[in-house]
Amino acid sequence: WIPSPKPLSRGVPSLVDRYFTRWYKADVKGKPCEDHCILQHSNRICVITLAGSHPVLQSGKTIKSISYQISTNCSRLQNKVSGKFKRGAQFLTELAPLCKIYCSDGEEYTISSCVRGRLMEVNENILHKPSILQEKPSTEGYIAVVLPKFEESKSITEGLLTQKQYEEIVVKRINATTATS
Amino acid sequence: MERGAICPDCFKPAKNKQSVFTRMAVMKALNKIKEEDFHKQFPCPPNSPKAVCTVLEIECAHGAVFVAGRYNKYSRSLPQTPWIIDGERKLESSVEELISDHLLTVFKAESFNFSSSGREDVDVRTLGNGRPFAIELVNPHRVHFTSQEIKELQQKINKSSNKIQVRDLQLVTREAIGHMKEGEEEKTKTYSALIWTNKAIQKKDIEFLNDIKDLKIDQKTPLRVLHRRPLAVRTRVIHFMETHYVDAHHFRLYLKTQAGTYIKEFVHGDFGRTKPNIGSLMNMTADILELDVESVDVDWPPALDD
């Protein structure tokens, strides 16, 4: 996966570009290339998605199944949120697991939250049709929606990479691989 | 206070209210209290007072008056209410200020409360007959106006701005607010939207939308309002749609929907959280470039001949 400028086939910025800022976390949990992209809305809500360089989105990868059962006692599907202040939501730290993706080649990937906050919802559409995650990773194929604490809404991005910083890392990786091959 | 002790759950102190004894709270208490209890606490004739009453201060205020009408909005950069963040105004003016400021002056009122039958986003125009609104003028010093004077006030508002226009401006009673709510929650609205598609389309590709009647859609609380609204799924009905082909990547959609439908999300799908949506119905990616409110189907306030 090589980053390239987005073609403006419409002359108007996309839904994501209009309302969201893209932030990235590379090599999440030390696993090479397991990059996540956090879409931060101007109202501080964060949508957790896979970055284009994530192994699951590379050609040839087939997803067998996705599970939100992250431990014996915890399923993200059981998350219940009530009222305007979203009481009862599961609280997430940066490294909290959101889901597990099982691929047909036997590989298993864990997707992490990357931001602290209350879990609003996980995407049930990808459970029924995992291919959506690969076809539209930045929109219909999102993983989860997280609401950071009001006081932390600016500070959550301090540990994340900007679009430019992320693209530099990906280019460095490609150069490193071509140098050694 | 004595009365607060008799019906304590009706009179809870709240941060925003000046006095605990609001009109609603008193009415609620009167409905709640049992006949015998009332007679016991407040006998008629009342008992003789034990102490002399001394006046500390006399404050006079006029009861609020209500002005209603319908407004059109022609600007795509005008918020309903003032848009202020951290004391800084982000966008100039607002629908409510453009209408109410003139009323404040003429009625010599202290402040106003603006309400309307729903509202539109900053970038959405309101066309057709306009949207019903009602303004409560607090402590007005002038309350008597002839219908001619109200007509002139309407003309004054309309001359002062091309961003909004008002019609059917009239004095109404407090029941106005109830009509606003009913209009917001129960009455249908029609819209026109300019839609972009990622795949090239021909006229025949959008015709099927014209045949869909009373389409049920499920909308999760849109991401753009999720920070201040509860997370829920709302079922809404799209009563009918009419398409007008523009070019290979654009068409106009006219639609009539149930109250409370999020149109933008019905078009772009909001990450698949509104289902079905125009994109899923057409099996492509759709986005909304422009939205106009064509009508708010409320019969109130009564139309006036101009």
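Looking up chain B in an unreviewed UniProt entry gives the name tRNA pseudouridine(55) synthase, with the organism given as Daubentonia madagascariensis.

Taking an unreviewed UniProt entry as the reference, chain A is identified by name as Protein Abitram belonging to Daubentonia madagascariensis. We quote the UniProt Subunit (unreviewed entry) comment for chain A here in full: "Interacts with F-actin. Interacts with G-actin."

A.B. asks: Quick rundown of unusual backbone geometry? Include the residues and the values.
C.D. replies: Most peptide bonds take the trans form, and the phi angle of most residues other than glycine is negative. Between Cys 44 of chain B and the following residue, Pro 45 of chain B, the backbone shows a cis peptide bond with an omega angle of 0°. Here Pro 45 of chain B lies in the loop between α3 (35–41) and β1 (65–73). Look at the link from Lys 275 of chain B to Pro 276 of chain B: it is a cis peptide, with omega at -10°. Summarising the element assignment, Pro 276 of chain B is placed in the loop between β11 (274–275) and α9 (278–282). The phi dihedral of Lys 86 of chain A falls on the positive side, at around 55°, and the residue is not glycine. Along the chain, Lys 86 of chain A turns up in the loop between β4 (63–67) and β5 (91–92). Positive phi values are uncommon outside glycine, yet Ser 93 of chain B reaches one of about 60°. Of note, Ser 93 of chain B is situated in the loop between β3 (88–91) and α4 (95–107).

A.B. asks: Residue-level account of the interface of chain B and chain A, with values.
C.D. replies: Accessible area lost upon the coming together of the parts serves often as the stated size of an interface. At the interface, 21 residues of chain B touch 30 residues of chain A. Three residues stand out in chain B for area buried against chain A, namely His 227, Leu 231 and Phe 271 of chain B, and they jointly supply 33% of the buried area on that side. The partner of Glu 121 of chain A in a salt bridge is Lys 220 of chain B, and the shortest N-O contact between them spans 3.6 Å. Our count for the contact surface shared by chain B and chain A stands at 9 residue pairs in polar contact (both at pLDDT 80 or more). Mapped onto the side of chain B that touches chain A, the elements with two or more residues apiece are α8 (263–268) and β12 (286–296) of chain B. When residues of the side of chain B that touches chain A are assigned to their parent elements, the largest contribution, 3 residues, is made by β12 of chain B. Considering only residue class, the side of chain B that touches chain A consists of 9 nonpolar, 4 polar and 8 charged.

What counts and what doesn't
Residues numbered from 1 in each chain as written. Chains lettered and ligands numbered in written order. Predicted model: local features only at pLDDT ≥ 70, side-chain atom pairs only at ≥ 80, totals over all residues. Heavy atoms only, no water. UniProt positions renumbered as here; feature names shortened; annotations may be inferred. Helix = DSSP H or I, 4+ residues; strand = E, 2+ residues; numbered from the N terminus. Contact = heavy atoms within 4.5 Å. Buried area = accessible area lost by both parts, 1.4 Å probe. Salt bridge = Lys/Arg side-chain N within 4 Å of Asp/Glu carboxyl O. Polar contact = N/O pair within 3.5 Å; in protein donor to acceptor, adjacent residues only side chain to side chain. Nonpolar A, V, L, I, M, F, W, Y, C, P; charged D, E, K, R; others polar.

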